[in-house]
Amino acid sequence: MRKGFSLITAIIFLFVVATLATLALSLSTQSAKQTTDDYLKIEAELLAKSGTEFALLALSGHDFNTSGCLNSIDIKYPSTVNYTHDINMSIMYIGNGLPISCNDILNNTISTPDSNRTVIIDTTVTTNPTISTEQIRIHRRTIQKP
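Residues numbered from 1 in each chain as written. Predicted model: local features only at pLDDT ≥ 70, side-chain atom pairs only at ≥ 80, totals over all residues. Heavy atoms only, no water.

Colleague: Would you mind showing me how to read the side chain of glutamate 43 here?
Modeller: Inspection of the secondary structure puts glutamate 43 in helix H1 (residues 2-60). As a buried residue without a salt bridge, glutamate 43 has its nearest oppositely charged side chain in lysine 41, at a separation of 13 Å. If we skip the residues at most four places from it in the chain, glutamate 43 touches Tyr77, Thr84 and His85. (Helix = DSSP H or I, 4+ residues; strand = E, 2+ residues; numbered from the N terminus. Buried < 20%, exposed > 50% of the residue type's maximum accessible area, 1.4 Å probe, protein only. Lys, Arg positive; Asp, Glu negative; His and termini not counted. Salt bridge = Lys/Arg side-chain N within 4 Å of Asp/Glu carboxyl O. Contact = heavy atoms within 4.5 Å.)

Shown next, in the form of structure tokens:
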């Protein structure tokens, strides 16, 4: 009777240990994926801020009189074949007397000259679908006077 009880106890003990090991393995793989996703999300947020600043820099160096308006900027980061993030910036203008090629809203409704050529920059950062199983997308909208 004692040997049978010991055998049942040993089987139950092995079952409990196997269940705990499976749970530990499952949690360790989840935490690795979560760490990767957190890293990609934080990087996308930083790239959204940098993309907005880059659009402002590009607007300040752009000649509206000769080449019209700058309506969008698309960047792959890093600029290699295996990019991790796709950064898209669309630019909409507010103001009077803008060139025809501008994506303008509120045209001819600005009453102060200081508000002329104000821009709304929509920056969207999307991760490459081959990098992660769940695609990360960050959107940032900014109104600026370049």
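Colleague: Sorry, what's going on with the pattern of salt bridges here?
Modeller: A pair can form between side chains of opposite charge whenever their charged atoms are brought close. Here the structure, examined in full by the defined rule, presents three salt bridges. Between lysine 76 and aspartate 86 there is a salt bridge whose closest N-O contact spans 3.4 Å. Of this pair, lysine 76 sits in strand S1 (residues 72-77) while aspartate 86 is found in strand S2 (residues 85-94), placing the two residues ten residues apart along the sequence. On the basis of relative accessibility, which here comes to 38%, the residue lysine 76 falls in the partly exposed class. With a closest N to O distance of 2.5 Å, arginine 141 and aspartate 122 form a salt bridge. Residue arginine 141 is located in strand S4 (residues 137-144), and its partner aspartate 122 is located in strand S3 (residues 118-127); the two are separated by 19 residues in the primary sequence.

Colleague: Is there a simple way to think about the sheet that holds S2 in this case?
Modeller: Strands in a sheet are paired, the pairing made by backbone hydrogen bonds, and the direction either parallel or antiparallel. Pairing within the open sheet is antiparallel, and its four strands lie in the order S1-S2-S3-S4. The sheet is open, and its two edges are formed by S1 and S4, each paired on a single side. Strand-to-strand twist of the sheet, defined as the mean angle between neighbouring strand axes without regard to direction, takes the value 15°. Pairing of S2 with S3, which is carried by ten bridges, proceeds in the antiparallel orientation. Bridging from a neighbouring strand, methionine 92 pairs with isoleucine 120 of S3. (Pairing = 2+ DSSP bridges. Axes fitted to C-alpha atoms, helices over the stretch in contact; angles between N-to-C directions.)

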